[in-house]
Amino acid sequence: MGLHLSLTASLGETVRMAEPRAAFELDDSTFGPISESLRRDLLLHCYRFTGSIHEAEDLVQETLARAWRGRSGYRADAGPGTWLRQIATRVCLDSLRRARGRRRLPSSPAARIGEVLWLEPMHDDLIADADADPAATYDLRESVSLAFLAALQQLPPRQRAVLILRDVLAMSAAEVAEHLETTVPSVNSLLHRARRTMDRAYNPPSAPRPPDAATASLLRRYVSAWEAGDINALLALLKHDAILEMPPIPSASVGHAAIRAFLAGSILDGTPGRWRGVSTEANGGPAVGLYQRDNDLYRFTGLQLLATDGDRITTITAYMDGSLAARFHLPMEIDG
C-alpha cells in the first residue's frame, strides 16, 4: 500500500515501548499520573481519527472520563496504554458516527483541491520527545502529515480505526479484533478495503526523509522570498504543479501561472518589508508563521504549512487564523 514499509515496524515498536512495563492497579493515587503520562499518545491517536486538534482534545477528555468511571474493569495484564487506547478508539468511533454527514471530503482521489478543508494543523511538539529515535520520529511525522490525514478522512469510521491500529500502531489482527469487539476475518476484510482506498488517495513523498539542512535552507529561501515581496523567487522554489490552498475555502491555485495570478499584485507586489516570516514546524514538516506590516509592527496573519519533495515545495496550505499563534507558540506581534 501507499504507506512506507518502515511505518508499521518502527512506529509500532515506539508505541509498544511507551507502554508501562509493570502491572498497575488503577486507583485514586495512580490513575492521574498514568493517564497524564499517556495523554500525548492519546491526543495523537484521536487526532488521526478526526484531523482536528480541538476535537481530539475533547475526545481525550471523554476517554479519561470513561476510563475513570470504568476503572474497576481494568485488567492489569493489558497495560494501561492499551486499555486507554481501546477506550479512546471507541470514543472516536462514537464521535464519528454522531458527526456522519457533517464533514464531506472529496470521494475521488483525483479531487485534490480542497481535500484539507476540515483539517487543523498540529504543532510538532506533540509528536515526539527530543531524545526519541529519529527513524521512529520520522514515521510519527508521516502519520500526522496533512496528506496522510486527508486520505484517512476518506475512510468510513471502522475502516479508519482498523487501518490506524494495524498499519500505524502495528497491532496484530487479533489485538485489533479485541479492541473493536469483532472477529479477525472482519478486521482483515476492513483492512483490505481501507488499504485499497489509501493506495488511491495517499501519495507519499517519492524521496522521504526527516527534516534536514536542505529542508531548513528551502524554508529560509521561502521566507526570504516573502519578505522581499519577490514572486519570481517564490515560484522558483515550487514544483511546476504545486498547489496553494487556503482552508476552509474549497478551492485552490494549481501550477505556477495560477499561483502567480493569485499572489502577484495585492499580496506579493514586489514591495520589500511588507511581510515577515517566522519558521516553525507543523504536522511533521516545515511551516511559516506569516506577519503583515501594520505601521511600526508586524501582526500575525496566519500559518503556512509546506509539503516538500526533494528540493522543491509541492503544496502550500495557508491557514489564515490568528488563533494559531498561541497554539504554535508564536508572538501575535513583531517589532518593525
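Data block above holds the structure.
Computed from a predicted model, the values in this text were never measured in an experiment.

Parameters and conventions
Residues numbered from 1 in each chain as written. Predicted model: local features only at pLDDT ≥ 70, side-chain atom pairs only at ≥ 80, totals over all residues. Heavy atoms only, no water. Helix = DSSP H or I, 4+ residues; strand = E, 2+ residues; numbered from the N terminus. Buried < 20%, exposed > 50% of the residue type's maximum accessible area, 1.4 Å probe, protein only. Contact = heavy atoms within 4.5 Å. Axes fitted to C-alpha atoms, helices over the stretch in contact; angles between N-to-C directions. Parallel < 35°, antiparallel > 145°, perpendicular 65-115°, else oblique. Left-handed = near helix turned anticlockwise from the far one by under 90°. Nonpolar A, V, L, I, M, F, W, Y, C, P; charged D, E, K, R; others polar. Phe/Tyr/Trp six-rings, centres within 6.5 Å; stacked < 30°, edge-to-face > 60°. Pairing = 2+ DSSP bridges. Core = buried A, V, L, I, M, F, W, Y, C linked by side-chain atoms within 4.5 Å. Salt bridge = Lys/Arg side-chain N within 4 Å of Asp/Glu carboxyl O. Arc of directions from axis to C-beta.

### Digging into the overall build of the protein chain
Then, in step 1: Tallying secondary structure elements over the protein chain gives 14 helices and 7 strands in all.
Then, in step 2: The burial tally for the protein chain puts 49% of its 336 residues in the buried class.
Then, in step 3: For the protein chain, restricting intrachain contacts to residue pairs at least 6 apart in sequence, the fraction spanning at least 24 positions comes to 66%.

### What about the packing of helix α3 (residues 39–50) against helix α5 (residues 80–99)?
Then, in step 1: Two elements in contact, α3 and α5, have axes separated by 10 Å at closest approach and are oriented at 30°. Comparing the axis directions of α3 and α5 gives the class roughly parallel. Relative to α5, the crossing made by α3 is right-handed. Judged by residue contacts, L42, H45, C46 and F49 of α3 engage L84, R85, A88, T89, C92, L93 and L96 from α5.
Then, in step 2: For the contact of α3 with α5, the class distribution of residues is 8 nonpolar, 2 polar and 1 charged.

### Section: the packing of aromatic side chains
Then, in step 1: The tally for this structure, following the rule as stated, stands at 4 aromatic pairs.
Then, in step 2: With 5.2 Å between their ring centres and 65° between their planes, F31 and W68 make a pair best called edge-to-face. A residue pair is termed long-range when its members are at least 10 positions apart, and F31 in helix α2 (residues 31–37) and W68 in helix α4 (residues 53–69) qualify at 37 residues.
Then, in step 3: A residue is classified by how much of its surface remains accessible, and W68, at 33% relative accessible area, is partly exposed.
Then, in step 4: With a centroid separation of 5.4 Å and 80° between ring planes, the pair formed by W226 and W275 is classed as edge-to-face. Of the two residues, W226 is situated in helix α11 (residues 213–228) and W275 in strand β3 (residues 275–282); the sequence distance between them amounts to 49 residues.

### Points about the pairing of β3
Then, in step 1: Pairing of β3 with strand β4 (residues 285–294) involves 8 bridges; the strand directions are antiparallel. Looking at the pairing, A282 lines up with G285 of β4.
Then, in step 2: Where β3 folds back on β4, the antiparallel hairpin that results is connected by 2 residues, among which N283 adopts a positive phi of roughly 50°.

### Section: the environment of V144
Then, in step 1: Its location among the elements puts V144 in the loop between α6 (134–143) and α7 (146–152).
Then, in step 2: Sequence spacing of V144 and N283 is 139 residues, and the spatial spacing of their C-alpha atoms is 5.5 Å.
Then, in step 3: Each residue touching V144, except ones within four places of it in the same chain, is listed here: L44, Y47, R48, M122, I127, L149 and N283.

### Some points on the side chain of H123
Then, in step 1: Looking at where H123 falls in the secondary structure, it is placed in the loop between α5 and α6.
Then, in step 2: When residues no more than four places from it in sequence are discounted, the contact partners of H123 are T280, E281, R327, F328 and H329.

### Some remarks on the nonpolar core
Then, in step 1: Within the largest apolar cluster, 68 residues are counted, with the highest numbers of intra-cluster contacts made by L152 and M198.
Then, in step 2: The biggest single contributor to this core is α5, with 8 residues.
Then, in step 3: A225, L234, W275 and I313 belong to the second largest nonpolar core, which has 23 residues in total.

### Some words on the pattern of salt bridges
Then, in step 1: Applying the stated criterion to the full structure yields 16 salt bridges.
Then, in step 2: A salt bridge links K239 to D309; the nearest nitrogen and oxygen atoms lie 3.8 Å apart. Placement of the pair is K239 in strand β1 (residues 238–245) and D309 in strand β5 (residues 297–309), with a sequence separation of 70 residues.
Then, in step 3: Classification of K239 by relative accessible area gives partly exposed; the value is 28%.
Then, in step 4: Here D269 makes a salt bridge to R274, at a shortest N to O gap of 3.9 Å.

### A look at helix α9 (residues 173–180)
Then, in step 1: What α9 keeps buried is the set A173, V176, A177, H179 and L180. All buried residues of α9 fall inside an arc of 160° around its axis, so they share one side.
Then, in step 2: Tucked inside the fold, the buried residues of α9 contact α5, α8 (157–168) and α10 (184–201).
Then, in step 3: Looking one or two residues past α9, E181 carries a phi angle of roughly 55°, positive in sign.

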